[in-house]
Amino acid sequence: MQLFTIASGVQVADEVCRIFYDMKVRKCSTPEEIKKRKKAVIFCLSADKKCIVVEEGKEILVGDVGVTITDPFKHFVGMLPEKDCRYALYDASFETKESRKEELMFFLWAPELAPLKSKMIYASSKDAIKKKFQGIKHEYQANGPEDLNRTCIAEKLGGSLIVAFEGSPV
């Protein structure tokens, strides 16, 4: 496995970069390929706290939306741990008065109940992982579920210009 070293001494697994690239580029063309595209992915530190990796089983595929998952953003928020930090990418679908858009959002999840050491490691590694995620327009730090409601996210995406987020009015 190839790793990229970052400022805090924590490394980023190449799989993390590959997932970002796949979500950003959207090369998918057939309906089957589109269903396999990732809607959301959560990243965590490895057990030894030395590498940022994909958290196993913590993803939402586009093909799951409307089939096994009715509200992808609510499901995404539910996947975040109550007492530890995480990084995440979320492919947000939203509408302005003029158009529909899809843009990637980068999240740092640092809940109040997370250990101080975890908050420090995640915070010190954030800028470096963001450097691997070139082209992210929207970055958001959330410290609890109250920071992850549709109104807060719509505000981050464009404020009063946003009329709907993930198909629901805001």
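From a predicted model like this one, the values you see are computed outputs, not experimental measurements.

1. Observations concerning the overall build of the protein
Then step 1. On a plain count of helices and strands, the protein comes out with 5 helices and 9 strands.
Then step 2. When the helices and strands of the protein are listed from N to C terminus, the series reads β-β-α-α-β-β-α-β-β-α-β-α-β-β.
Then step 3. A compact globule built from 170 residues should have a C-alpha radius of gyration of about 15 Å, and the protein, at 16 Å, falls within 12% of that.
Then step 4. Along the longest, intermediate and shortest principal axes, the C-alpha atoms of the protein span 45 × 35 × 30 Å.
Then step 5. In the protein, which comprises 170 residues, the share counted as buried stands at 44%.
Then step 6. In the protein, the share of contacts with a sequence separation of at least 24, taken over all contacts with a separation of at least 6, comes to 60%.
Then step 7. By element, 52% of the accessible surface of the protein is carried by carbon and sulfur atoms, the whole surface being about 9200 Å².
Then step 8. With 27 positive and 25 negative side-chain charges, the protein shows a spacing of 3 Å between the two charge centroids.

2. Topic: the pairing of strand β7 (residues 138–142)
Then step 1. Alternating residues of β7 divide into H138, Y140 and A142, all buried, and E139 and Q141, none buried.
Then step 2. Across 5 bridges, strand β6 (residues 100–109) lies against β7 in parallel orientation. Looking across to β7, one finds that F106 is bridged to E139.
Then step 3. The β-α-β motif built from β6, the intervening helix α4 (residues 116–132) and the parallel element β7 has right-handed crossover chirality.

3. Side note on the nonpolar core
Then step 1. In this structure, V16, F43, I52, Y87, I129 and F133 are the most contacted members of the largest nonpolar core, which totals 28 residues.
Then step 2. Listing elements by their share of this core, those giving two or more residues are β2 (11–13), α1 (14–25), β3 (38–45), β4 (51–61), β5 (86–96), β6 and α4.
Then step 3. Residue contributions to this core peak at 5 residues, all from α1.
Then step 4. For Y87, the residues in contact, after removing those within four places along its chain, are V41, I42, F43, I52, F106, F107, L108, I121, Y122, S125, K126 and I129.
Then step 5. Membership of the second largest hydrophobic core comes to 23 residues, among which are I42, W109, L157 and F165.

4. Section: the pairing of β6
Then step 1. For β6, the buried fraction is high: 7 of the 10 residues fall into the buried class.
Then step 2. Pairing between β5 and β6: 10 bridges, direction antiparallel. Within β6, the position partnered with Y90 by the bridge is M105.

Scoring rules and cut-offs
Residues numbered from 1 in each chain as written. Predicted model: local features only at pLDDT ≥ 70, side-chain atom pairs only at ≥ 80, totals over all residues. Heavy atoms only, no water. Helix = DSSP H or I, 4+ residues; strand = E, 2+ residues; numbered from the N terminus. Rg over C-alpha atoms; globule rule 2.2 N^0.38 Å. Buried < 20%, exposed > 50% of the residue type's maximum accessible area, 1.4 Å probe, protein only. Contact = heavy atoms within 4.5 Å. Areas by Shrake-Rupley, 256 points an atom, 1.4 Å probe, with all protein chains shown as cover. Lys, Arg positive; Asp, Glu negative; His and termini not counted. Charge placed at Lys NZ, Arg CZ, Asp CG, Glu CD. Pairing = 2+ DSSP bridges. Right-handed = clockwise from strand over helix to strand, strands pointing away. Core = buried A, V, L, I, M, F, W, Y, C linked by side-chain atoms within 4.5 Å.

None of the figures reported here should be taken as evidence of function without further support.
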